[in-house]
Amino acid sequence: MTEPAPRDLASDPAADLDADPGHDAAIAVVGMSGRFPGAPDLDTYWANLRDGVCAITDFTEAELLADGADPEELRGAEHVPAKGHLADADRFEAELFGFHRTEAAALDPQHRVLLETAWAALEDAGHDPLAVPARTGVYVGGSPTEHMLAAHTDRRLAASIGAMQIRILTDREFLAPWISYRLGLEGPSLTVQTACSTSLTAVHLAAQALLLGECDTALAGGVSIDTVRRQGYVHYEGGIFSADGRCRPFDERAGGTVPGSGVGVVVLRRLADALADGDPVRAVIRGSALTNDGATKVGFTAPGVEQQTAAIVEAWSAAGLEPSAAQYVETHGTATELGDRIELAAATAAFGGPEGTVGRVGIGSVKSNIGHLDAAAGVASLIKAVLMLEHATLAPTVNVSRPHPDLRMDATPFRVVDSAAPWPLPADGVRRAGVSSLGIGGTNVHVVLEQAPERRGTRTTPRREILALSARTEPALRTLAARLATALRAPDAPSLADTAYTLRTGRTPMDVRAYVLASDPAEAADRLTALAEGRDGGDDGDTPDGDGLRGLGELWLKGGSVPWPETLGEGRRVSLPTYPFAGESYGALTLDRRSGQPEAAAQAPAPDDDLTAAVLGVLAEALGLADAVGPDTTYFAAGGDSLTAVHLVGRLRDEFGIDVPITVFLEELPLQELAKRIAGSTEQDAAEDSLDALLSEFEAE
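A short tour of the structure in this document, coming up. Just so you know, these numbers come straight off a predicted model, no measurement behind them.

One non-glycine residue, phenylalanine 250, lies in positive phi territory at about 65 degrees. Take phenylalanine 250: it is sitting in the loop between strand 9 (233-234) and strand 10 (262-270). You can call phenylalanine 250 buried: its relative accessible area is 2%. Unlike most non-glycine residues, arginine 408 shows phi in positive territory, near 50 degrees. In this fold, arginine 408 is placed in the loop between strand 14 (393-394) and strand 15 (414-416).

A word on helix 10 (residues 198-212). Compared with an ideal rise of 1.5 Å per residue, which puts 15 residues at 21 Å, helix 10 spans 21 Å between its outermost C-alpha atoms and is within 8% of the ideal. Of all 15 residues in helix 10, eleven are buried, a share of seventy percent or more. Immediately downstream of helix 10, the backbone of glycine 213 shows phi near 80 degrees, a positive value.

This part takes up the pattern of salt bridges. Considering all chains together, one arrives at 38 salt bridges under this definition. Where glutamate 465 meets arginine 463, a salt bridge forms, and the shortest distance between an N and an O atom there is 2.9 Å. With a relative accessible area of 2%, glutamate 465 lands in the buried category. Its salt-bridge partner being arginine 653, residue aspartate 659 comes within 2.7 Å of it at the nearest N-O pair. Among the charged side chains, a salt-bridge network with shared partners connects Arg135, Asp216, Arg270 and Asp273.

With respect to burial, strand 17 (residues 432-438) is a largely interior element, seven of its seven residues being buried. Every second residue of strand 17 is oriented toward a common face, with Arg432, Gly434, Ser436 and Leu438 on one face and Ala433, Val435 and Ser437 on the other, all of them buried. With antiparallel pairing between neighbouring strands as the criterion, strand 17 and strand 18 (residues 443-451) make up a hairpin whose turn holds four residues, including glycine 441 at a positive phi of roughly 105 degrees.

Right, let's talk about the environment of glycine 262 for a bit. Tracing the sequence through the fold places glycine 262 in strand 10. Classification of glycine 262 by relative accessible area gives buried; the value is 0%. With residues near it in sequence (within four places) discarded, glycine 262 still touches Arg35, Phe36, Leu86, Gly222, Val223, Ser224, Leu373 and Ala376.

A word on the side chain of arginine 246. Within the secondary structure layout, arginine 246 lies in the loop between strand 9 and strand 10. For arginine 246, the contacting residues outside a window of four places in its chain are Cys54, Ile56, Asp58, Gly256, Val258 and Asn399.

Grouped together as the largest cluster of nonpolar side chains are 73 residues, with contacts concentrated most on Phe99, Leu467 and Leu469. Here this core takes eight residues from helix 5 (residues 109-124), the largest share from any one element. The next biggest cluster of nonpolar side chains, apart from the first, holds 49 residues, and it includes Ile27, Ala218, Val379 and Ala395.

Taken in spatial order, the eleven strands of this open sheet run 7-6-8-10-1-11-18-17-12-13-15, and their pairing is mixed. Whereas interior strands pair on both sides, the edge strands pair on one side only; in this sheet they are strand 7 (189-191) and strand 15. Between one strand axis and the next, the sheet turns through 25 degrees on average, direction left out of account. Two strands pair when backbone bridges link them, and strand 6 (residues 136-142) and strand 8 (residues 217-224) are joined in this way by seven bridges, in the parallel orientation.

For an α-helix, the turn length of 3.6 residues means that residues three or four places apart are oriented alike. Given a rise of 1.5 Å per residue, 14 residues ought to cover 20 Å, and the 20 Å separating the end C-alpha atoms of helix 12 (residues 305-318) matches this to within 8%. Among the residues of helix 12, those classed as buried are Gln307, Gln308, Thr309, Ala310, Ala311, Ile312, Ala315 and Trp316. Along its buried surface, helix 12 packs onto strand 11 (283-292), helix 13 (337-351), strand 17 and strand 18. Glycine 320 occupies a position one or two residues after helix 12 and carries a positive phi of about 75 degrees.

A separate point is the packing of helix 16 (residues 474-489) against helix 18 (residues 521-532). Look at helix 16 against helix 18: their axes get within 8 Å of each other, and the N-to-C directions meet at 155 degrees. Relative to helix 18, the element helix 16 is oriented roughly antiparallel. Seen along the crossing, helix 16 lies across helix 18 with a hand that is left-handed. Taking contact as the criterion, the partners of Arg478, Ala481, Ala482, Leu484, Ala485, Leu488 and Arg489 in helix 16 are, on helix 18, Pro521, Ala524, Ala525, Asp526, Leu528, Thr529, Leu531 and Ala532. For the contact of helix 16 with helix 18, the per-class residue count stands at eleven nonpolar, one polar and three charged.

Reading guide: rules and limits
- Residues numbered from 1 in each chain as written.
- Predicted model: local features only at pLDDT ≥ 70, side-chain atom pairs only at ≥ 80, totals over all residues.
- Heavy atoms only, no water.
- Helix = DSSP H or I, 4+ residues; strand = E, 2+ residues; numbered from the N terminus.
- Buried < 20%, exposed > 50% of the residue type's maximum accessible area, 1.4 Å probe, protein only.
- Expected span 1.5 Å × (residues − 1).
- Salt bridge = Lys/Arg side-chain N within 4 Å of Asp/Glu carboxyl O.
- Pairing = 2+ DSSP bridges.
- Contact = heavy atoms within 4.5 Å.
- Core = buried A, V, L, I, M, F, W, Y, C linked by side-chain atoms within 4.5 Å.
- Axes fitted to C-alpha atoms, helices over the stretch in contact; angles between N-to-C directions.
- Parallel < 35°, antiparallel > 145°, perpendicular 65-115°, else oblique.
- Left-handed = near helix turned anticlockwise from the far one by under 90°.
- Nonpolar A, V, L, I, M, F, W, Y, C, P; charged D, E, K, R; others polar.

Right, dumping it as structure tokens:
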């Protein structure tokens, strides 16, 4: 069957505006950048996704000890030495962003990495990061970090640079303002916080701002770098984290997620503007929606079906489409039984029943590849979906074998994509996907994506072009030349004219410079390779300089601005390799777990009454009960929830040597009776645990 031809809006950007009722509300993704576990750039990220790579790192004991882990914690049976680790998160090109050494060392690694990623995203969009239109907004969010906590408790640092300076250099509320300040962006600047759905919420807010005319370009995304150290985690029964360091969404072996670090930023513009200006549209956001579960769920940290469904339906309605138009959904997919069960139920209600449609829609979760990136989780999912649309390929969810039987996948329209496969072009000729992100506290976000309109090549007569390169250092310049050579040898390489135009207009001129003259991409790639290898890559000197390009190149080498002639103004912005950040390490402040409060040794068995009283004291303290505990006060009535229960299980084990099943908190017992029950516990009887009851009442995701 012949596939329908993709829409072509590039030759006449306004031609189909009236024909497409959703066009006026469409947002173009014109640039992207990200760093994720196992992937310092998006090319590597895509290769890992396509090839089904699990980039979660298993650390050795020596690695963890070298990075300051507590030896006692490592010996614990519940310690899991794994994480989605972000390499080189301590490095920073401080001078490029105007920070001196003391400031750079105090600046939170989240701020450093987010600044560089915002810069790279603008370059990917073909814009000089220091010459972006002023009406550019910033919508980003981040996670709590060890560096921030350590900075706020470091008296010497406070004495050195002042408490206020510490705050503005480390607090996540300043993530967006630092980008706006350092890049000179005068649009709205919002730091967004909705827990795990933060970065996709930021994308939604940015899209809304563009549609309302509050800005003309927007950066949106998030970052999560809780620590730059190699660090595992402690698994608690009933918590959200996996017992074996692997995340298996919707799988029969699903047992929770794995923490991870990463960063992602997208550059957004109104689609009509992007097409009119010749921007490199990578995908289109047709609609998005934001809801909150409110009180329609069993607890603050639990998810809810109704408002997840509402977010999906509202997003597709905003797109002017039916949810049935989706061929793929990138889910939140934490691999917690309750979380996956509720998300699948909500999606089934939104996307339609299974009658004749079982397996019609592919689903997946990038958390299986990189772990749960907290505030950056949503943008990691969005970028994955954009890359799949660009490559017309469905990337697999890894570590999965068979769907969990309790999910009843055969009663849904979904199938888990577990191997890479071509993404077939549907009957209407447009590939579409949904992306969901859910936050603790109930903020649900859904975004509707579709493939970019076809973009035709620039119609220019072949001619010799000048490729002007610059960087802060000689090694960076050589790296940039090598990456550009690789890009020009790729099957989908941009035209030489567009490449030259983007390098001239879409990059910040720096001090270390070089240039290459070439008449076709292959020649340019060879000369760039020579430049990367330290050989002369300009040209052979035998070609007459009738076009004046060699003279312009020599002027470029002298520094300052170059009056590029109007004859070189033909071209359009294209996605090219971005600046190869390789700044020095500025480290990060850490909390030394081995020199803090002394560990509480497991106490010898105490008389029953004394132990019960001590346990009751711990319960009252955790629940913030200042007065005497009433005889009828239950755990739930006192404000207890799942996160507090997980905390109490660990505390009771550490302070009293008592292992209790988390399900004991589900029972509607007065706190005094609960304390007595806990004090009398000697071991966890797994056979008596009701996992279904636990998952119905408690889950952090």
